[in-house]
Amino acid sequence: ARRALERGAADDDLTRTRRSLLDAARQRLELLGVAADELARLEAVGTPNSDIWVSSPSSGHVLQKNVFAGQYVGPGRSLLSIVDLSRVWVLADVYEQDIPSVGVGQKALMTTAAYEGETFAGRVEFMYPSVSEKTRTLKVRLEFLNPSMRLRPGMYAKVELEGRGKSALVVPVEAVMDDGRLQYVFVAHDGTRFEPRVVRVGKRTNDFVEVLSGLSEGEPIVTSANFLIDSESRLKAAVAGMGSTQSDAHAGHDG
């Protein structure tokens with residue numbers, strides 16, 4: 001097409017047609033992925049190459065190679081998988097009750113088993129639209145910079161989200177007793193008398209429990225040995241109940 005155009009023609013319509021053919025040929029090669037430097041070489045030399053370099057559209061690492069020499073490939077066939085690890089995505093599971101405290105753009109801190117004691121800073125990029133029916137968790141995608149290429153696909157990590165919590169009244173996990181129906185704490189009065197107080201609890205962490213009602217800020221509570229106090233109170237109640245039953249039985253016999 002280029003040579004035909006260079007030969008020239010007395011007819012302007014023929015010249016326009018040849019130029020259109022040249023432009024169409026160039027566009028077809030560009031759509032096939034032929035690089036600009038290869039097109040320039042083809043125009044300069046005038047002969048095609050049996051081998052053509054295919055350049056990657058982005059820098060990265062080859063994770064998969066699905067082609068070998070002499071193989072026939074067609075449209076839609078994936079030849080190579082290339083990933084840019086300068087930024088990595090981390091998929092975290094957020095419990096259902098914690099979803100209101102998570103939002104896009106929220107800062108995150110991550111620790112990994114591979115680099116103990118080291119913290120990586122990132123942010124929430126995307127929250128998936130649905131909750132898993134099996135785990136009752138929501139997938140959240142976070143992004144972390146990885147200039148040193150130390151974070152690698154497939155690693156496990158622990159993520160902590162910052163900045164969207166709310167103030168709450170909390171007590172240590174050990175302070176809350178649960179009998180299967182009610183939750184209660186022991187409020188200390190003058191250090192000598194203990195009052196069992198029914199409370200309504202909310203969110204939990206490994207160390208603390210949120211108290212929604214039943215307790216006021218500043219009230220002293222028992223935070224250890226609750227099991228002994230609870231067991232002793234149950235024993236005394238049982239003994240008192242047995243004594244009352246025996247007295248009733250004797251009274252009936254005498255009558």
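Since the structure is predicted, the reported quantities are computational estimates derived from the model, not experimental observations.

## Observations regarding the nonpolar core
In terms of nonpolar packing, the biggest core is built from 15 residues, with Met-110, Val-140, Leu-142, Phe-144 and Leu-151 touching the most fellow members. Of all the secondary structure elements, the ones that give two or more residues to this core are strand E3 (87-95), strand E4 (107-112), strand E5 (120-131) and strand E6 (137-145).

## Re helix H2 (residues 12-31)
Helix length check: H2, at 20 residues, gives a terminal C-alpha distance of 29 Å against a target of 28 Å (1.5 Å per residue), a fit within 8%. Looking one or two residues beyond H2, the residue adopting positive phi is Gly-33, at roughly 95 degrees.

## Examining the confidence of the model for the chain
Of the residues in the chain, 86% have a pLDDT of 70 or more, and the chain-wide mean is 82. The model gives residues 242-255 a pLDDT under 50, and that stretch makes zero contacts with residues more than four places away or in other chains.

## Describing the environment of Lys-166
Tracing the chain through its elements places Lys-166 in the loop between strand E7 (157-161) and strand E8 (170-172). Placed 65 residues apart in sequence, Lys-166 and Ser-101 show a C-alpha to C-alpha distance of 8.4 Å.

## Digging into the packing of aromatic side chains
For the structure shown, the criterion picks out three aromatic pairs. Ring geometry for Phe-126 versus Tyr-128: centroids 5.2 Å apart, planes at 70 degrees, classification edge-to-face. Here Tyr-184 and Phe-186 contribute two aromatic rings whose centre-to-centre distance is 5.9 Å and whose plane-to-plane angle is 80 degrees, an arrangement assigned as edge-to-face. The burial state of Tyr-184 is the same as that of Phe-186; both residues are buried. The residue whose ring lies beneath Arg-150 is Tyr-115, and the NZ or CZ to ring-centre distance is 4.1 Å.

## A word on the pattern of salt bridges
All told, the structure shown has 10 salt bridges when counted by the stated rule. Put simply, Asp-13 and Arg-16 hold a salt bridge, and the shortest N to O gap is 2.0 Å. Here the residue Asp-13 and the residue Arg-16 both occupy positions in helix H2, the gap between them amounting to three residues, near one helical turn. Given a relative accessible area of 44%, Asp-13 falls into the partly exposed group. Note that Arg-197 is salt-bridged to Glu-219, the shortest N-O span being 3.0 Å. Separated by 22 residues along the polypeptide, Arg-197 in strand E11 (residues 193-204) and Glu-219 in the loop between strand E12 (208-213) and helix H4 (226-254) bring together distant segments of the chain. Look at the salt bridges and you will find they share partners, linking Glu-195, Arg-197 and Glu-219 into a network.

The rules behind these values
- Chains are numbered independently. Their residues run from 1 in the order of the written sequence.
- Confidence filtering applies because this is a predicted model: local features only for residues at pLDDT of at least 70, side-chain atom pairs given and counted only at 80 or more, and all residues used for totals across whole chains, interfaces and linings.
- Excluded from the side-chain calculations are hydrogens and water; all other atoms, namely the structure's heavy atoms, are used.
- Residues belong to a common nonpolar core when they are buried Ala, Val, Leu, Ile, Met, Phe, Trp, Tyr or Cys residues joined through side-chain atoms within 4.5 Å.
- Three labels apply to residues, based on accessible area from a 1.4 Å probe with only protein chains included: buried if under 20% of the type maximum, exposed if over 50%, partly exposed otherwise in between.
- The way it works is that DSSP assigns letters per residue, a run of H or I at least four long becomes a helix, a run of E at least two long becomes a strand, and they are numbered from the N terminus.
- Here, expected helix span is obtained from the residue count minus one, scaled by 1.5 Å.
- Residue-level confidence of the predictor is summarised by pLDDT, bounded by 0 at the bottom and 100 at the top.
- A contact between two residues is defined here by any heavy atoms of the two lying within 4.5 Å.
- Here the aromatic set is Phe, Tyr and Trp, taking the six-membered ring for Trp, and pairing holds for ring centres within 6.5 Å; pairs whose planes are under 30 degrees apart are stacked, those over 60 apart are edge-to-face, and all others are tilted.
- Any Lys NZ or Arg CZ that is within 6 Å of a ring centre and within 35 degrees of that ring's normal is treated as a charge sitting over the ring.
- By definition, a salt bridge exists where a carboxyl oxygen of Asp or Glu is found within 4 Å of a side-chain nitrogen of Lys or Arg.

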